[in-house]
Structure formats: structure tokens, C-alpha cells
Amino acid sequence: MRLVVSVGVLILFAGFVALGVWQVQRLAWKTQLIAQVDARVHAAPVPAPGPAQWPGVTREKDQYRRVVLHGTYRHDRETLVQAVTDAGGGFWVMTPLDDARGFTVLVNRGFVPPGRSDPAARADGQASGLQTVVGLLRITEPRGGFLRANDPEHDRWRSRDVAAIAARRGLDRPAPYFVDADATPNPGGWPLGGLTVIRFPNSHLIYALTWFGMALLTLVGFALFRREWRRADRRGGT
């Protein structure tokens, strides 16, 4: 019996320590990720990746990279995607921009409340002619919203699924990413850009301390059991 308990305690202790070490490693990874993203967000904008670079675009190295585009909007093919923001509930306005280099990028021009979902209600903001857009590169969101899938057939969108939106709107040579426009005001005030939320939960230190604490409690508990065993042995020997 004592051997079984001892082996069980050893397994628990090793498991708790392993989980603590894993959380320390995750903490180092998350800290590095936050530093990298912060550097990207505040860096000078670079040209958005063109077709030759698309195969190498990844979430790990390109998400939230500050980029610049030059082109013309195709407002007749905009798409509204449901959004909940600090400004309230409404929609993201996703508008194709024909880049001067010969491809199309979906630009999240910003947020509009339900009363501004009709382009006629924000006509001043429908910029024409050559535009320069600075924003953050974002990776496509193909799985829909929380517990709710996109419904392209009925033009109901819960996430910014670049491929599905591009197919629905008949876009040629769409980039595999979209761009969140920065806070540069649009004429008339809508859409409202610059609302990208960059937040990385980082509770790994707390988790690590919890697991290491569990490991320590396991040892303390085992020590108490051993003391009781010794007392029992002494009583049995008298």
C-alpha cells in the first residue's frame, strides 16, 4: 500500500512540475509574441504583400504588421460583417481596393452602427479616386463567429472570411489577408476606423505558480503521511 501511495505521489509531483515548466515556456513565448506584435504595430508602414509574397504570409510573422496600400475602392462590392466594438454593435465595412500593382485587397474601412449600414447614409465617406490606406494586416477568419457560421448565400457574415467574401463578390486576384484601416478620419465620420483590438491574455505566470504550488503541496502532504506511518510503526512495535 505504501509503495503504491509513494509511486502515486511521485507521479503527481512530476506531473505538476512538468505543467509548471510548460507554463514558464508558454510565458516566454507569449512575452516574445507581445513584444514582436508591439514592434509591428508601431513600425513604419511597408507595402502590403503582393502575389509573389502571398505563400509566405503567416499569422505568426505577419499578423498586425503595419502596411500601406495605394488603389481605388470598389464600393459597389462592399460587404458588411457583424461587429461588436467599443463604439457599440453594428458592422465592419469590408470594401475591395484594387491595388495599383494589379491585385485586390479587402479593406476593413471601419465600423458603422446599424443606422449607417446603408451606403446612402454615409455617402460622404464613399471615397473615390486613388486612395492611400495605412492599416494593419490581418489574417483571414474562415470559421465564422462564435457558434455562428457565415451564410454567404444570404449575405450574412459573422467573420471576415476573405476567400468566401471574395468569391461572393466575384473579386479577381484577391489577397489572402485583409487590412484594418487606421484611425484616419473618413469624410462624414463613417466608417470609423482604427478600432482594431490587440489583446493577448497572459496568465501563464499565475498558472505556473499554481502548478508549482500543487507540486509543493503534494510533497507536504506526502511528508505528513510518512510521519503518520512512522508513528503507526512505533505504536505497532511497542
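Bear in mind that the values here come from a model prediction, so they are computed numbers and not experimental data. Along each chain, residues carry numbers from 1 onward, in the same order as the chain's sequence is written. Given that the model is predicted, a residue must reach a pLDDT of at least 70 before its local features are reported, and side-chain atom pairs must reach 80 or more before they are shown or counted; all residues, however, enter totals for whole chains, interfaces and linings. Values shown for side chains rest on all heavy atoms present in the structure; no hydrogens or waters enter the calculation.

> Residues and numbers for the side chain of Thr 85, please.
Its place among the elements puts Thr 85 in strand β3 (residues 79-85). Relative accessibility thresholds used throughout: buried, under 20% of the residue-type maximum; exposed, over 50%; partly exposed, between the two (1.4 Å probe, protein chains only). Its relative accessible area of 16% is what places Thr 85 among the buried residues. Within 3.5 Å is the distance limit for a polar contact, defined as a pair of N or O atoms, with the added protein rule that one can donate a hydrogen and the other accept it, and that residues adjacent in sequence qualify only through two side-chain atoms. From its side chain, Thr 85 meets the backbone nitrogen of Ala 87 in a polar contact 3.0 Å long. Beyond its immediate stretch of four places on either side in the chain, Thr 85 contacts Trp 92, Phe 111 and Leu 195. The numbering of helices and of strands both runs from the N terminus, where a helix is a DSSP run of H or I of at least 4 residues and a strand a run of E of at least 2. Throughout, a contact is declared for two residues whenever any of their heavy atoms are within 4.5 Å.

> I'd like a rundown of the packing of aromatic side chains, residues and numbers included.
In summary, the pairing rule links any two rings of Phe, Tyr or Trp, Trp by its six-membered ring, whose centres are within 6.5 Å, and it sorts them by plane angle into stacked for under 30 degrees, edge-to-face for over 60 and tilted for everything else. Counted under the stated rule, the structure contains 3 aromatic pairs. Both rings, one in Phe 16 and one in Trp 211, keep their centres 5.9 Å apart while their planes meet at 20 degrees; by these two values the pair is stacked. Here Trp 211 lies in helix α4 (residues 204-237) and Phe 16 lies in helix α1 (residues 2-42), a separation of 195 residues in the sequence. Residue classification places Trp 211 among the partly exposed residues on the basis of a relative accessible area of 27%.

> Run through helix α3 (residues 162-169), naming residues and quoting values.
Residues of α3 that are buried: Val 162, Ile 165, Ala 166 and Arg 169. Along the axis of α3, the buried positions cluster into a sector of 100 degrees, meaning they face one direction only. Relative to its buried face, α3 has exposed residues pointing more than 90 degrees away, namely Ala 163 and Ala 167. Of the surrounding secondary structure, the elements contacted by the buried residues of α3 are β3, β5 (104-112) and β7 (174-181). Working note: the arc is built from the helix axis to C-beta atom directions.

> Tell me about the nonpolar core, and name the residues and values.
In plain words, nonpolar cores are sets of buried Ala, Val, Leu, Ile, Met, Phe, Trp, Tyr and Cys residues tied together by side-chain atoms within 4.5 Å. Of all hydrophobic cores here, the largest spans 17 residues; its most connected members are Leu 69, Val 105, Val 107, Val 133 and Tyr 177. At the level of elements, β2 (66-73), β5, β6 (131-139) and β7 are the ones that each hand at least two residues to this core. Here this core gets 4 residues from one element, more than from any other, and that element is β7. With sequence-adjacent residues up to four places away left out, Tyr 177 is seen in contact with Ala 48, Pro 49, Trp 54, Phe 103, Val 105, Leu 106, Leu 137, Arg 138 and Val 162. Within the second largest apolar cluster, 12 residues are counted, among which are Trp 92, Phe 111, Trp 157 and Ile 165.

> Which residues make up the pairing of β2, and what are the values?
Note on pairing: two strands pair once DSSP finds at least 2 bridges between them. Two strands pair when backbone bridges link them, and strand β1 (residues 46-47) and β2 are joined in this way by 2 bridges, in the parallel orientation. Within β2, the residue paired with Pro 47 across the bridge is Val 68. Relative to β6, β2 runs antiparallel, the two being bridged by 6 bridges. Across the sheet, Val 67 pairs through a bridge with Gly 135, a residue of β6. The sheet contact formed by β2 and strand β4 (residues 88-99) spans 3 bridges and is antiparallel.

> Talk me through the pairing of β3; I want residue IDs and the actual numbers.
In regular strands, side chains alternate between the two faces of the sheet. With burial as the criterion, only one face of β3 is covered, namely that bearing Thr 79, Val 81, Ala 83 and Thr 85; the residues Leu 80, Gln 82 and Val 84 on the opposite face remain uncovered. As judged from the 7 bridges shared by β3 and β4, these two strands associate in the antiparallel manner. The residue of β4 that forms the bridge with Leu 80 is Val 93. If you look at the hairpin formed by β3 and β4, you'll find 2 residues sitting between the two strands.

> Now, about the pattern of salt bridges: what can you tell me, with residues and values included?
Whenever a carboxyl oxygen of Asp or Glu lies within 4 Å of a side-chain nitrogen of Lys or Arg, that contact is scored as a salt bridge. Enumeration over the complete set of coordinates arrives at 12 salt bridges. Residue Arg 160 is joined to Glu 141 by a salt bridge in which the shortest nitrogen-to-oxygen separation is 3.0 Å. With Arg 160 in the loop between β6 and α3 and Glu 141 in the loop between β6 and α3, this residue pair connects regions lying 19 residues apart in the sequence. By relative accessible area, which is 9% here, Arg 160 ends up buried. The salt bridge involving Asp 155 is made with Arg 168; its shortest N-O contact spans 3.8 Å. A residue pair is termed long-range when its members are at least 10 positions apart, and Asp 155 in the loop between β6 and α3 and Arg 168 in helix α3 qualify at 13 residues. The class for Asp 155 is partly exposed, based on a relative accessible area of 33%. In the salt-bridge network here, residues are joined through shared partners; they are Arg 138, Glu 141, Arg 160 and Asp 180.

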